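# Commentary on secondary and tertiary structure
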Amino acid sequence: MKNINYMKIRKYLIPVLSVLALASCNYEKINTNIYGITEEEMKQGGLLYGAPFMDMQKLVIPIGSPTESTGPGNDLANTDVMSAGNYIGYWGMNNNWNFNTEATWNFTDARMNYAYQNFYSKLFRAWNDIYKYTKDSKEPTDKEVQAVANVVKVMGWLRATDVFGPIVYTNAGNGDIAPKLDSQETVYKAMLAELKEASQVLAGTTTKVLSSYDVIYDGNAQNWTRLANSLMLRLAVRVHFKDQELAKEYVSFALNQSNGGVIETVAQEAKIQNTAKLPLMNSLIPIVEDYGECRLGATIWAYMQGYSDPRLTANFVAGSYGFESLPPTNDKALSAFAKAGAAKPKVDASSPLFWLRASEVSFLKAEAALYKLTAGDPKTLYEEGVAKSFEENGVSGVDNYLRSDDVKPKDIERNTLMYNKTYSCKLSTNNVSPKWDDSDSDEVKLQKIITQKYLALYPNAVEAWTEYRRTGYPYLLKPAYDKAHVSIGAEEDAVTPERFRFAPTEYGTNPNMSEVPTLLGGTDQGATKLWWVRDGRPKQPK
């Protein structure tokens with residue numbers, strides 16, 4: 001074993017960690033050799049990788065320290081709240097921002113540039129500050145660091161490709177000034193391969209990895225292996241309508257217990273929240289409490305109210321008029337009455353943001369079993385997913401809930417919504433109840449799986465929006481702003497956008513952006529479907 005100058009490291013470790021505890025992003029200075037510590041010594045002490053790894057974790061779903069809450073809060077509003085979570089009705093927006101943001105499907109240049117930074121560029125910079133040291137290293141510890149960094153990278157950039165489509169992936173970190181982008185199909189195949197490699201590295205790791213800087217699993221390599229395999233399962237199931245053999249290959253690997261297993265319990269779930277190691281504040285707080293612009297969405301309310309679902313009160317707090325909700329893509333301006341009267345998300349500073357939970361894994365297994373990608377009983381796995389979601393939300397009554405066969409989500413009639421009385425939308429037609437019936441068609445069974453998955457994924461908005469676009473389920477309430485489709489070149493009956501477009505500034509900085517329409521298989525606009533959308537995706541009845 002090499003001799004490490006621990007006295008040098010100890011002398012400077014305390015002030016450096018103090019900086020990290022304040023969530024400083026200024027890791028370029030930390031990595032500079034100004035104290036007489038060699039690069040090798042910084043590797044051994046964890047300093048070389050620690051700050052960028054912490055930043056990576058904060059950037060997957062934007063979150064920051066209490067002192068920078070409005071920054072991460074605005075970032076999350078852009079990536080998840082005004083966009084994905086609004087489209088699928090987790091949240092209703094108490095503002096229309098003069099119809100000039102993604103909340104009403106107006107993908108302005110400034111907002112799309114901001115979104116690309118939030119989904120892709122910021123994470124690239126942090127990941128690359130690790131990758132440039134680990135990519136050519138043969139040291140086992142460097143390979144372990146690269147493995148956990150790549151799992152986080154895939155977790156973050158999966159959101160980027162699921163929102164934009166083509167991204168720079170296989171050429172990322174190569175030093176190209178104008179890197180070539182990959183199609184989404186290529187991105188998914190590369191991500192699956194990287195997750196398999198990371199899983200294999202971490203499954204054989206007996207020591208902690210970057211534990212001083214890991215706010216997800218405290219350096220526990222076994223939990224990182226489970227996350228890598230669970231994320232692999234997510235990607236593999238997503239592609240099965242497009243490439244069944246690819247899906248089977250990676251579903252088989254992910255679910256093979258000899259490869260380290262998947263997330264099975266609440267204790268193993270991947271989430272980020274305030275810790276003594278790194279003070280953080282849930283980034284929903286500003287748009288919920290400070291601005292009063294995020295309130296209970298009418299779509300999730302319609303499902304939970306219709307199903308008598310106890311998760312409603314676990315996730316939302318009644319306003320002065322009870323569980324009043326706002327419709328998706330709301331066309332109303334900011335209202336002080338809606339701010340006070342409508343229900344709002346139940347969130348405090350220490351509430352976690354969830355990356356991947358045990359209930360999702362069960363629903364992934366259920367869909368995989370339904371389509372013969374793996375062995376297992378879809379009914380058992382479906383009911384296991386619902387039960388785990390009830391456990392995750394701390395509510396009881398799952399047995400009675402799963403016996404409910406005569407319930408449907410509520411229809412929204414005129415005057416149902418106090419703060420948008422003219423809005424109406426049918427949601428019950430051809431919709432499903434929680435009870436599983438083996439005599440149903442596979443299509444109805446898929447609808448049940450994805451509908452319950454939608455309820456269990458809350459508040460993971462991008463993932464739920466992705467699953468809707470992929471499968472056509474669950475049925476969603478239509479946008480309140482009836483001209484939203486015009487902004488993205490969509491058909492009049494479009495329920496959500498299909499993707500974000502790239503800002504023109506991206507085309508100006510990289511000539512390879514000219515390949516985007518070819519890689520997309522369509523125009524760079526919000527109505528162009530992504531690769532994993534199933535053929536013949538059903539349209540919900542009007």
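For clarity, every value in this text was computed on a predicted model and none was experimentally measured.

For the rest of this paragraph, the subject is the overall build of the protein. Tallying secondary structure elements over the protein gives 22 helices and six strands in all. Taken against the 2.2 N^0.38 rule, which gives 24 Å for 542 residues, the C-alpha radius of gyration of the protein at 23 Å falls within 12% of a compact globule. For the C-alpha atoms alone, the extent of the protein along its principal axes is close to 75 × 50 × 45 Å. Put simply, the protein has 542 residues, and 61% of those count as buried. Taking the contacts inside the protein whose residues are at least 6 apart along the sequence as the reference set, 75% of them involve residues at least 24 apart. Here the protein has roughly 20500 Å² of accessible surface; of this, 50% comes from carbon and sulfur atoms. Counting 59 positive and 63 negative side-chain charges, the protein places the centres of these two groups 2 Å from one another.

Judged by nonpolar contacts, the single largest core of 170 residues is most densely connected at Tyr90, Trp91, Trp157, Trp224, Leu227, Trp355 and Phe500. Apart from the residues within four sequence positions on either side, Phe500 is in contact with Asn78, Ser83, Tyr87, Glu102, Phe107, Met112, Ala115, Phe119, Val163, Phe164 and Trp465.

What the largest pocket holds in volume is close to 950 Å³. Looking at the lining of the largest pocket, its residues break down into 16 nonpolar, nine polar and twelve charged.

What follows is about empty space enclosed by the protein. Under the criterion given, the structure shown has three cavities of 30 Å³ or more. In this structure, the largest cavity spans a volume of roughly 90 Å³. Those elements that place two or more of their residues in the lining of the largest cavity are helix 5 (70-87) and strand 6 (353-356). Of the residues belonging to the lining of the largest cavity, the class tally is eight nonpolar, one polar and two charged.

This next bit is on the packing of aromatic side chains. Given two aromatic rings, their pairing is described by the distance between the two centres and the angle made by the two planes. One pass over the structure, following the stated rule, counts 35 aromatic pairs. Look at Phe99 and Tyr481: their rings are 4.5 Å apart centre to centre, the planes differ by 35°, and that puts the pair in the tilted class. In this pair, Phe99 sits in the loop between strand 1 (91-93) and helix 6 (109-134) while Tyr481 sits in the loop between helix 19 (461-471) and helix 20 (484-488), placing the two residues 382 residues apart along the sequence. Owing to a relative accessible area of 30%, Phe99 belongs among the partly exposed residues under this scheme. A ring pair is formed by Phe119 and Phe164, whose centres lie 6.3 Å apart and whose planes are at 80°; its orientation type is edge-to-face. Placement of Phe119 in helix 6 and of Phe164 in helix 7 (residues 140-164) is noted, with a sequence separation of 45 residues between them. Assessed through its relative accessible area of 3%, Phe119 is described here as buried.

On to the pattern of salt bridges. Scanning the model with the defined rule gives 38 salt bridges in all. Ionic pairing is found between Glu185 and Lys189, a salt bridge with its closest N-O pair at 3.1 Å. A residue pair is termed a helical-turn pair when its members lie 3 or 4 positions apart in one helix, as Glu185 and Lys189 do in helix 8 (residues 184-203) at four residues. For Lys189, a relative accessible area of 35% gives the class partly exposed.

Summarising the model, the protein shows a mean pLDDT of 93, and 91% of its residues fall at 70 or more. Here residues 1-36 is modelled with pLDDT under 50, and outside its nearest four sequence neighbours on either side it reaches 52 contacts, counting other chains as well.

Let's shift gears to helix 8. Since the α-helix advances by 3.6 residues per turn, residues separated by three or four positions end up pointing in the same direction. With 20 residues, helix 8 extends 28 Å between its outermost C-alpha atoms, agreeing within 8% with the 28 Å of an ideal straight helix rising 1.5 Å per residue. Considering only its buried residues, helix 8 is in contact with helix 7, helix 9 (221-238) and helix 10 (244-255).

Further remarks concern unusual backbone geometry. Geometrically, the link from Tyr458 to Pro459 is a cis peptide bond, its omega value of 5° lying close to zero. Along the polypeptide, Pro459 turns up in the loop between helix 18 (442-457) and helix 19. Residues other than glycine seldom take positive phi values, yet Asn415 does so here, at roughly 75°. By secondary structure assignment, the location of Asn415 is in the loop between helix 17 (398-402) and helix 18.

Next up on the list: the packing of helix 18 against helix 19. Where helix 18 contacts helix 19, the two axes come as close as 9 Å, and the packing angle between them is 165°. By the angle class used here, helix 18 and helix 19 are roughly antiparallel. Of the two elements, helix 18 crosses helix 19, and the hand of that crossing is left-handed. Here Ile450, Lys453, Tyr454 and Leu457 of helix 18 lie close against helix 19, whose contacting residues are Glu463, Ala464, Glu467, Arg470 and Thr471. Residues that form the contact of helix 18 with helix 19 fall into these classes: four nonpolar, one polar and four charged.

Right, let's get into helix 9. A rise of 1.5 Å per residue sets the reference length of helix 9, with its 18 residues, at 26 Å; its end C-alpha atoms lie 26 Å apart and thus fit the reference within 8%. Extensive coverage of helix 9 is indicated by the burial of 17 of its 18 residues. Regarding helix 9, its N-cap is Asn220, as a side-chain oxygen of that residue lies 2.9 Å from the backbone nitrogen of Gln222 further along.

Before going further, it helps to examine the environment of Ser389. Of note, Ser389 is situated in helix 16 (residues 378-392). Linking Ser389 and Phe241, residues 148 residues apart in sequence, is a C-alpha distance of 26 Å. Excluding anything up to four places from it in sequence, Ser389 contacts Arg311, Ser359 and Ala456. Looking at Ser389, its side chain comes within polar contact range of the side chain of Arg311, at 2.8 Å.

The subject of this paragraph is the side chain of Gln540. With respect to the secondary-structure elements, Gln540 resides in the segment after helix 22 (516-520). Among the polar contacts listed, one links the side chain of Gln540 to the backbone oxygen of Leu476, at a separation of 2.5 Å. The contact partners of Gln540, leaving out residues within four places of it in the chain, are Leu427, Tyr468, Pro474, Tyr475, Leu476 and Val495.

Let us now look at the environment of Ser183. Relative to the elements of secondary structure, Ser183 occurs in the loop between helix 7 and helix 8. Separated by 14 residues in the primary sequence, Ser183 and Tyr169 place their C-alpha atoms 9.2 Å from one another.

Glancing now at the packing of helix 4 (residues 47-60) against helix 6. The interhelical angle for the contact between helix 4 and helix 6, taken along N-to-C directions, is 155°, at an axis separation of 9 Å. By the angle between their axes, helix 4 is roughly antiparallel relative to helix 6. Remark: the crossing between helix 4 and helix 6 carries left-handed chirality. Each of Leu48, Tyr49, Pro52, Phe53, Asp55, Met56 and Leu59 in helix 4 lies in contact with helix 6, whose residues at this interface are Asn118, Lys122, Leu123, Ala126, Trp127, Asp129, Ile130, Tyr133 and Thr134. Counted by class, the contact of helix 4 with helix 6 contains eleven nonpolar, two polar and three charged residues.

Conventions we followed
- Residues numbered from 1 in each chain as written.
- Predicted model: local features only at pLDDT ≥ 70, side-chain atom pairs only at ≥ 80, totals over all residues.
- Heavy atoms only, no water.
- Helix = DSSP H or I, 4+ residues; strand = E, 2+ residues; numbered from the N terminus.
- Rg over C-alpha atoms; globule rule 2.2 N^0.38 Å.
- Buried < 20%, exposed > 50% of the residue type's maximum accessible area, 1.4 Å probe, protein only.
- Contact = heavy atoms within 4.5 Å.
- Areas by Shrake-Rupley, 256 points an atom, 1.4 Å probe, with all protein chains shown as cover.
- Lys, Arg positive; Asp, Glu negative; His and termini not counted.
- Charge placed at Lys NZ, Arg CZ, Asp CG, Glu CD.
- Core = buried A, V, L, I, M, F, W, Y, C linked by side-chain atoms within 4.5 Å.
- 1 Å grid on protein atoms, 1.4 Å probe; cavity = no way out; pocket = protein on both sides within 12 Å on 5 of 7 lines; lining within 4 Å.
- Points joined across faces, edges and corners; volume = space filled by probe spheres on them.
- Nonpolar A, V, L, I, M, F, W, Y, C, P; charged D, E, K, R; others polar.
- Phe/Tyr/Trp six-rings, centres within 6.5 Å; stacked < 30°, edge-to-face > 60°.
- Salt bridge = Lys/Arg side-chain N within 4 Å of Asp/Glu carboxyl O.
- pLDDT = per-residue confidence, 0-100.
- Expected span 1.5 Å × (residues − 1).
- Axes fitted to C-alpha atoms, helices over the stretch in contact; angles between N-to-C directions.
- Parallel < 35°, antiparallel > 145°, perpendicular 65-115°, else oblique.
- Left-handed = near helix turned anticlockwise from the far one by under 90°.
- Polar contact = N/O pair within 3.5 Å; in protein donor to acceptor, adjacent residues only side chain to side chain.

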